[in-house]
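Spelled out, the chains give:
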Amino acid sequence: MEEKDPCVRKAWLELSLSDMHMTRDDTELALTLSFIWRFAMADPENPELPSLGVFECMAKLLKKSLEDAEWVMTGQNAYVPYYAAHIIGSYTMKKPDFAVKAVESGVIAPLVELMRGKMSWVEQRVVVRALGHLASYEMTFEAVAAYEDEVMRLAMDIATTCVHVVYAEFVSVQEREGRVRYHCDLLTRGLGGLEMEDRKAEEWASQLQCWSLHLSQMWGGLVNHTSPASIGLIRILCYSKQGRGHVSNSREIILSLCNLSRSSDDWQYMGIDCLLLLLKDQETRYKVLETSLLYLVDLVELKALNDKAQKALKEIWRIKVERRKYIEGDNQEKLAEASVVVNLIKQQANQLLCVGDIDGAIKCYNEAIGLCPLKLRRKRMSLYSDRGECYLLIGDADAAISDCTRALCLSEPVNSHGKSLWTRSRAYDIKGLSRESLMDCIMFVNVRSFCGKIPYHAAQMISKQIESTWLFEEARETRLRKMMVKDKNHGIFNLLWVKEFYVQFLMLIGIKKNSDLSYIEKN
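Residues numbered from 1 in each chain as written. Predicted model: local features only at pLDDT ≥ 70, side-chain atom pairs only at ≥ 80, totals over all residues. Heavy atoms only, no water.

Visitor: Can you help me understand the nonpolar core in this one?
Guide: Note on soluble globular proteins: their nonpolar side chains tend to be buried together. Counting 73 residues, the largest nonpolar core has Leu33, Val54, Met58, Leu61, Leu111 and Met115 as the members making the most contacts within it. At 10 residues, the largest contribution of residues to this core is made by helix α11 (residues 148-171). Those residues in contact with Leu61, other than ones at most four positions away along the chain, are Met20, His21, Leu29, Leu33, Trp71 and Val80. (Core = buried A, V, L, I, M, F, W, Y, C linked by side-chain atoms within 4.5 Å. Buried < 20%, exposed > 50% of the residue type's maximum accessible area, 1.4 Å probe, protein only. Helix = DSSP H or I, 4+ residues; strand = E, 2+ residues; numbered from the N terminus. Contact = heavy atoms within 4.5 Å.)

Here it is in structure tokens:
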């Protein structure tokens, strides 16, 4: 690659690529492929290597990896199929003509074979990425569609099981020696310990799930709307008419987008964007209108939205919500009078709340909100927040979330009113929406700035929701349930379950995962 003479460089590269699959025991092969992959990622539109046969080379290496188990186990050849599939995916993510070259080179058959689970989830991750790119171009879609039934089935299966597989085969293994060596090296490049590997494994499992969803949706499949990586995919789908049709048919996805739109998550605006795209399409509008309407009206005064989005939300407001008439030309005297009246009613509401008359307090807040001029944004924010707290006290979590969202839309900057964030976090917790509750609680801590010390109640909430939102939480619970089986012969708990439970307990109280298990084994 460093050769200055272009003719010599071309000849050497072409020769190297044509003979690379014939290498028998070369520990530098994996290093070479790693370099080619980095080169492809840095400049995926560079035609040099694709024109010299890089796809033919990768196809041969994949076939050899699948057919010659002894060769794969030699030296560092275990890394070869991972990098070969990754190189194919990197060069085909932007250029349709590169995708055509790849298909003509025969890469699809070995990629599908790896997708079947011939090796491991690590290879499946890069395989579904590569097949997704090849299926996204009109010129190469038919070649992938030749395997439509199998690819569809495999993609759906991987999307629904990969988290459990990654947890069982990697994350749950607490000893470094018990983990597959090349998996650890690929995940962290040899840097960091078990904690770093677990974080990367979680990231890769999420990517595998997302890319499998992307591949499956090309034939109409769409599952697991709660994947941390799926919101970007859903927005991509909402940009196409066919994609909007699939999304609008899933009530679970619509509800997830609605909850996201009323959260303090960084992706809040992406969720709003998806809902607006669905409402704009006449064929999907009435499928999502009733579900999304009550969520979107809470966001009508969100200043940070662009003009187009605000206009769409205000149109919904006019269609479905009865708004009091407000004259923009109200003078300052009238505003001051209204402010005094609102303050008096609010004081009455606060007094009723102090004596436990929550229903009476809600009625007063309703009256105050109805009288409060729209220009008094800060006062209206406080009223919505107080009423939201009242709704939470009587167990109406949905109404509490609605009012707190309206208060947070009125705050300056958006999502910065501490009381509303904390109330909405607790309301989301009641509804079992752990991610939304966690994001609001974190924002609450950041907004309040408790002199470097997080209050106990907030720390407890964060700890609870972090555990609930861990990607592998369901897989961990499933594994523990399976291991809680009594020994048929002795009537005692299986030792493997006891060890697993002990390790999980140590993790929860902050002790290193590779702690000594000799005591429990002995007892």
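From this point, the discussion proceeds with the structure in view.
Visitor: Would you take a moment to explain the environment of Tyr79 for this structure?
Guide: Along the chain, Tyr79 turns up in the loop between α5 (69-72) and α6 (80-91). Spatially, the C-alpha atom of Tyr79 lies 8.8 Å from that of His183, the residues being 104 residues apart in sequence. Setting aside anything within four residues of it in sequence, one finds Tyr79 in contact with Ala30, Tyr182, Asp185 and Leu186.

Visitor: Looking at this structure, how should I read helix α9 (residues 121-135)?
Guide: Three or four residues apart is the spacing at which side chains of an α-helix point the same way, because the helix has 3.6 residues per turn. The end-to-end C-alpha distance of α9, which contains 15 residues, comes to 20 Å, matching closely the 21 Å that a straight helix rising 1.5 Å per residue would cover. Where burial is concerned, most of α9 is hidden: 15 out of the 15 residues are buried. (Expected span 1.5 Å × (residues − 1).)

Visitor: Would you mind showing me how to read the packing of aromatic side chains here?
Guide: Each pair of aromatic rings is reported with the distance of its centres and the angle of its planes. Under the definition given, this model contains eight aromatic pairs. Measuring from centroid to centroid gives 5.3 Å for Tyr82 and Tyr83, while their planes differ by 75°, and the two rings are edge-to-face. Each member of the pair Tyr82 and Tyr83 is classed as buried. Summarising the aromatic geometry, the rings of Tyr82 and Trp204 are spaced 5.9 Å apart at their centres and angled 10° between planes, so their arrangement reads as stacked. With a gap of 122 residues between them, Tyr82 in helix α6 and Trp204 in helix α13 (residues 194-217) connect regions that are remote in the sequence. As far as the burial class goes, Tyr82 and Trp204 line up, both buried. Within the aromatic cluster, the residues linked to one another by ring pairs are Trp37, Tyr82, Tyr83 and Trp204. The ring of Phe170 is capped by Arg179, whose NZ or CZ atom sits 4.3 Å from the centre of that ring. (Phe/Tyr/Trp six-rings, centres within 6.5 Å; stacked < 30°, edge-to-face > 60°. Lys NZ or Arg CZ within 6 Å of the ring centre and 35° of its normal.)

Visitor: Looking at this structure, I do not really get the pattern of salt bridges. What am I missing?
Guide: Once their charged atoms are close, side chains differing in charge can pair, the charge on each being opposite to the other. According to the stated counting rule, one finds 21 salt bridges in the structure shown. Across the pair Arg181 and Asp185 runs a salt bridge whose closest N-O atoms are separated by 3.2 Å. Placement of both Arg181 and Asp185 in helix α12 (residues 181-188) is noted, with a separation of four residues, approximately one turn of the helix. A single salt-bridge network, built from bridges that share partners, covers Arg176, Arg179, Glu197 and Asp198. (Salt bridge = Lys/Arg side-chain N within 4 Å of Asp/Glu carboxyl O.)

Visitor: When you look at the side chain of Ser65 in this model, what are you seeing that I'm missing?
Guide: Inspection of the secondary structure puts Ser65 in helix α4 (residues 54-67). A polar atom in the side chain of Ser65 sits 2.8 Å from the backbone oxygen of Leu61. Ser65 has contacts with Trp71, Val72, Val80 and Pro81, leaving out every residue within four places of it along the chain. (Polar contact = N/O pair within 3.5 Å; in protein donor to acceptor, adjacent residues only side chain to side chain.)

Visitor: Please explain unusual backbone geometry as it appears in this structure.
Guide: For residues that are not glycine, phi is negative in most cases, and the peptide bond is trans in most cases. Cis geometry marks the peptide bond from Glu412 to Pro413; its omega dihedral reads -5°. For Pro413, the position within the fold is in the loop between α23 (397-410) and α24 (418-431). Phi is positive for Asn415, which is not a glycine, with a value near 60°. Looking at the secondary structure, you find Asn415 in the loop between α23 and α24. Taking relative accessible area as the criterion, Asn415 reaches 9% and is therefore assigned buried.

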